[in-house]
Amino acid sequence: MAALAFLTFALLIIGPFPPITCAIDNHGFRGSLTRVHKHSSNYSAAVHRDTRRLAFLTPAPTTSPALALQALAENGAGAYHVSLSIGTPPLAFPAILDTGSDLVWTQCAPCTECFPQPTPLYDPAGSSTFSTLPCASPLCRSLPSPFRRACNASGGCAYDYRYVVGFTTGYLAAETLTIGGASFRDVAFGCSTANAGYMDGASGILGLGRGPLSLVSQLGIGRFSYCLGSDSDAGASPILFGSLANVTKGDGVQSTPLVRNPAVPVSRAPYYYVNLTGVRVGAADLPVTPATFGFTSTGAGGVIVDSGTTFTYLAEAGYAMLERAFLSQTAGLLTRVSGAPFDFNLCFEADGGADVDAVIVPGLVLSFAGGAEYSVPRRSYFDAVDEEGRVACLLVLPTGAVSVIGNVMQMDLHLLYDLHGGTMSFAPADCASV
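Calculation criteria
- Residues numbered from 1 in each chain as written.
- Predicted model: local features only at pLDDT ≥ 70, side-chain atom pairs only at ≥ 80, totals over all residues.
- Heavy atoms only, no water.
- Disulfide = S-S within 2.5 Å.
- Helix = DSSP H or I, 4+ residues; strand = E, 2+ residues; numbered from the N terminus.
- Buried < 20%, exposed > 50% of the residue type's maximum accessible area, 1.4 Å probe, protein only.
- Salt bridge = Lys/Arg side-chain N within 4 Å of Asp/Glu carboxyl O.
- Polar contact = N/O pair within 3.5 Å; in protein donor to acceptor, adjacent residues only side chain to side chain.
- Contact = heavy atoms within 4.5 Å.

J.: I tried to follow the state of the cysteines on my own but got confused; where do I start?
T.: Simply put, disulfide is the name for a covalent bond between the sulfur atoms of two cysteines. Taken as a whole and assessed by the stated rule, the structure comprises 5 disulfides. A sulfur-sulfur distance of 2.1 Å marks the disulfide that ties Cys140 to Cys157. Judged by the torsion about the S-S bond (100°), the Cys140/Cys157 disulfide is right-handed. Residue Cys140 is located in helix H4 (residues 138-141), and its partner Cys157 is located in strand E6 (residues 157-163); the two are separated by 17 residues in the primary sequence. Take Cys140 and Cys157: they sit in the same class, and that class is buried.

Below you can see the structure in the form of structure tokens.
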């Protein structure tokens, strides 16, 4: 009788929480994504944030640790949020989806200086599954050395990231993390107790990069996919892991190999590189060579797919080709205007004051190794940037660093990262029905 009473009590305690699963045994799980800032008035803010992030994404030896952390702690405009829960009992919070970084982190109580967030602070003292990460653990040692503080029994695996306009300080810990209906024990995460930055409605970051601290690396997940819906009113977009991560087979599915940066270890460049082999504007193939978007001997260059960057940035030589072709093919159809008020390089007004969306513009096709081609939807590379719809800009900008395919150019695609197979696949999709 006593045993039965104990079992009943245990069921009452455990019942409300999702079951703990193991990445090796689980049959796949899904989460939900929400787009932040769908209006054109936020484009300029996104460009400013992207500019700082690009410095972080450059894995060259001269990359500043200060800029690296700024990109991790300052996100928002143009981002997608994923719904997570942490701890036991679980505390739900929105985190920025970021394939360009590794660390899963959130703000923790007691917090001496924290940015505003929409959910209560996670309090380790209130969770029965919290534990600090030992200094000798491999995940603690995987923290970048410039940011790792002296590790000891009392302070644990501490980090202190400083950058030009702020900082984040905290320690690595382990906790139960829940996405959708799946929960995982002892996931390492950053518990930040002092921060300055701009997260715009998020309470943390979900890092899905290729380094050891990312969620997919810790759980041993061999594949994940997401579909970033362009229409927030259509509902949440999906992110899928494990066996649920499949792009519907058919003529629309394209695949290209994921490549490694040959000069930079994954720990310093945990990004999803692809080989961009060609660009077509209208009917014109641009004179792209392997050097246009390839790696340099020092590991600079290359092309990454990054959910945490809003717009698309091409190496200067490739961007110059794109701009010339676009200007040539829109001559007589559109009048070029200054892009400075919107922080874009190439902007236009329709002649005669017409709605710029009504003017036909040349198509844009990106070609990748393995024969994959992506016919980019118009609004993912050319869109109105003012509230009146009179001015539209090319949503592609030049960069002297790594080229980046950002989340606007990924919208309305079902994108599969097959880590075990070493490929990235994509197909047009209605994200609300994936």
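J.: Honestly, the pattern of salt bridges in this entry has me stumped. Any pointers?
T.: Note that side chains of opposite charge can pair when their charged atoms are close. Applying the stated rule across the entire model yields 4 salt bridges. Residues Asp285 and Arg280 are paired through a salt bridge, measuring 3.7 Å at the closest nitrogen-oxygen approach. Given the relative accessible area of 22%, Arg280 is considered partly exposed. The salt bridge involving Arg280 is made with Glu373; its shortest N-O contact spans 3.7 Å. Remark: Glu373 occurs in strand E21 (residues 373-376) and Arg280 occurs in strand E14 (residues 276-281); sequence separation between them is 93 residues. If you follow the salt bridges from partner to partner, you end up with Arg280, Asp285 and Glu373 in one network.

J.: Even after reading the chapter, I still don't get the side chain of Asp418, so can you show me in this structure?
T.: Tracing the chain through its elements places Asp418 in strand E26 (residues 413-418). Here Asp418 falls in the buried class, since its relative accessible area comes to 14%. Here the side chain of Asp418 touches Arg223 through a polar contact of 3.5 Å, side chain to side chain. If sequence neighbours within four positions are ignored, Asp418 has contacts with Gly222, Arg223, Leu258 and Thr423.

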